[in-house]
Amino acid sequence: MTHQVHAFEPPERFVAGTVGEPGDRTFYLQARGGGRVISVALEKVQVSLLAEKLEELLVEANKRFGVSLPEGSLPAVHDNEPLDTPVDEEFRVGTLGLAFDVDTSTVVIEAIEAGEPEAGLSGAELGGDDVDDDEDAEDDEPDDDLDRLRVRLTPEATRAFIDRARRVVAAGRPPCPLCGQPLDPAGHLCPRHNGYHR
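Below: a short report on this structure. (Residues numbered from 1 in each chain as written. Predicted model: local features only at pLDDT ≥ 70, side-chain atom pairs only at ≥ 80, totals over all residues. Heavy atoms only, no water.)

Looking at the overall build of the protein
Okay, so step 1: From N to C terminus, the protein includes three helices and seven strands.
Okay, so step 2: Counting helices and strands in the order they occur from the N terminus, the protein gives β-β-β-β-α-β-β-α-β-α.
Okay, so step 3: Long-range pairs, those at least 24 residues apart, make up 60% of the contacts in the protein with a sequence separation of at least 6.
Okay, so step 4: Accessible surface, the protein as shown: approximately 11600 Å² in total, 49% of it carbon and sulfur. (Helix = DSSP H or I, 4+ residues; strand = E, 2+ residues; numbered from the N terminus. Contact = heavy atoms within 4.5 Å. Areas by Shrake-Rupley, 256 points an atom, 1.4 Å probe, with all protein chains shown as cover.)

Structure, rendered in structure tokens:
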């Protein structure tokens, strides 16, 4: 089976966004450019971790390579626009990869499609380290059959993406002040109150 690499180097717009009501939202990464719009679905925790790791990558690039970062921690212009419609899910993200290209001073983000466990994913993709050397060659092949979304961003565009991603994650249901679990509009059964409705 052939795979597709949806490359936007650079995109006109690259954002994290959601569809649905808090508590029932689907999270997306969406790239637009060259008359194309690609949307890939992922989990809320993946969006949060992506923003965190991108921030760390920018700081590290500044320390190691002297890359100039945008002034201040927040971009001057906030992208508050909704996702471009229609939001057609191209694939669900299983793995996210980050790199910094020193030659072009850009951040490369790659979202890789989630593979089926029976397709023979490598232990590294599933979070394990114990993969036999003999299996490495075989396990690399399924990876090549997975679709990818690849974007290349300037440090300024990366900072804008981080800002929006954090706002999107924070816009969900407020946490319970006692247990930290999300509160539904009708409340929730709080374990700190021995299961009484809160």
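From this point on, the discussion continues.
Some words on the sheet that holds strand E5 (residues 89-101)
Okay, so step 1: The strand order across the open sheet built from seven strands is E1-E7-E6-E5-E4-E3-E2, with neighbouring strands paired in mixed fashion. In this open sheet, the two strands that pair with only one neighbour each are strand E1 (5-8) and strand E2 (13-19). Strand-to-strand twist of the sheet, defined as the mean angle between neighbouring strand axes without regard to direction, takes the value 30 degrees.
Okay, so step 2: Relative to strand E7 (residues 148-153), E1 is paired through four bridges, and the arrangement is parallel. Bridging across to E7, alanine 7 finds its partner in arginine 150.
Okay, so step 3: Contacting E2, strand E3 (26-33), strand E4 (36-42), E5 and strand E6 (106-113), helix H1 (residues 44-65) runs over the sheet at an angle of about 15 degrees to E5.
Okay, so step 4: Relative to the sheet, helix H3 (residues 155-170) contacts E2, E3, E6 and E7, its axis offset from that of E2 by approximately 5 degrees. (Pairing = 2+ DSSP bridges. Axes fitted to C-alpha atoms, helices over the stretch in contact; angles between N-to-C directions.)

Here we look at the environment of aspartate 147
Okay, so step 1: With respect to the helices and strands, aspartate 147 occurs in the loop between helix H2 (133-144) and E7.
Okay, so step 2: Residue classification places aspartate 147 among the buried residues on the basis of a relative accessible area of 13%.
Okay, so step 3: Setting aside anything within four residues of it in sequence, one finds aspartate 147 in contact with His3, Gln4, Phe91, Ala111, Ile112 and Glu113.
Okay, so step 4: One polar contact links the side chain of aspartate 147 to the main-chain amide nitrogen of glutamine 4, over a distance of 2.8 Å. (Buried < 20%, exposed > 50% of the residue type's maximum accessible area, 1.4 Å probe, protein only. Polar contact = N/O pair within 3.5 Å; in protein donor to acceptor, adjacent residues only side chain to side chain.)

Observations concerning the environment of alanine 31
Okay, so step 1: With respect to the helices and strands, alanine 31 occurs in strand E3.
Okay, so step 2: Of the residues examined, alanine 31 reaches a relative accessible area of 0% and is grouped as buried.
Okay, so step 3: Distance from alanine 31 to aspartate 84, taken between C-alpha atoms, is 9.2 Å for residues 53 residues apart in sequence.
Okay, so step 4: Setting aside residues no more than four positions away along its own chain, alanine 31 makes contact with Phe8, Arg13, Phe14, Arg36, Val37, Ile38, Leu149 and Val151.

So, unusual backbone geometry
Okay, so step 1: The residue after glutamate 9, namely proline 10, is reached through a cis peptide bond having omega 5 degrees.
Okay, so step 2: Phi at serine 105 is positive, roughly 50 degrees, even though this residue is not glycine.
Okay, so step 3: Within the secondary structure, serine 105 sits in the loop between E5 and E6.

All quantities given are derived from atomic positions and should not be read as evidence of function.
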